[in-house]
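Descriptive analysis of the structure
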Amino acid sequence: MPRITLEDVIPYAEYERQRESFRSRIIALKQRRRISVGPLITFVFENRDTLQFQIQEMIRVERIFDPARVQDELDVYNALLPSRDELSATLLIEITEEARMKEWLDTFMGLDHGETVAIVAGGEQVYGVFEGGHSHETKISAVHFVRFRPTGAMKAACADLRQPVTITVNHGHYRAEAAVPGSMREEWLKDLS
């Protein structure tokens, strides 16, 4: 997937004019790329459009005009773009009870190590590889970045809607799976081509 460059960034004033239509389009796109796995974990599979939206919003909210600072944002978000034959997702641990947030997050310690999240398709499974730096011995972030590298058989299964495709999370007492809908599989196939 081609990197997002300074030339791709919509200037601040122009973005303000087209923000609502751009935002509406991305919300619809993210609905096709979002899946909950159990009650507390959600994946949003990223692509160039979703990440450009994040960049535009950061520039807007933080009023970033300096090209060097814009480039810093580009570098951060470009690192999340899926590579060839890869899917890239933001994993969100969605805890809404503020009073119990630390307690709940503590139960997810170690989620980002080992074989805890997977895509299952075509009789095969591939485990997600987490980006480092989002947890340490006593604390885990509620947001993680995960990459998956589906095999050729898995890609073929995604294209065949008669075959089941699931995402699983198996960590401690949290065990959940979700069937991947056809609309998300279509998005994945675009990312993988």
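Refer to the structure above for everything that follows.
Right, let's walk through the structure included here.

Analysis parameters
- Residues numbered from 1 in each chain as written.
- Predicted model: local features only at pLDDT ≥ 70, side-chain atom pairs only at ≥ 80, totals over all residues.
- Heavy atoms only, no water.
- Helix = DSSP H or I, 4+ residues; strand = E, 2+ residues; numbered from the N terminus.
- Polar contact = N/O pair within 3.5 Å; in protein donor to acceptor, adjacent residues only side chain to side chain.
- Buried < 20%, exposed > 50% of the residue type's maximum accessible area, 1.4 Å probe, protein only.
- Pairing = 2+ DSSP bridges.

Relative to the elements of secondary structure, D191 occurs in helix α6 (residues 182-192). For D191, the side chain forms a polar contact with the side chain of R33, separated by 2.7 Å.

Turning next to the environment of G152. Mapping G152 onto the fold places it in helix α5 (residues 152-159). The class of G152 is exposed, set by a relative accessible area of 52%. For the pair G152 and F108, spaced 44 residues apart in sequence, the C-alpha to C-alpha distance is 31 Å.

Here strand β4 (residues 117-121) runs beside strand β5 (residues 124-127); their pairing, made up of four bridges, is antiparallel. Directly across from V120, in β5, lies its bridge partner Q125. Hairpin connection of β4 to β5: two residues between the antiparallel strands, including G122 at a positive phi of 60 degrees.

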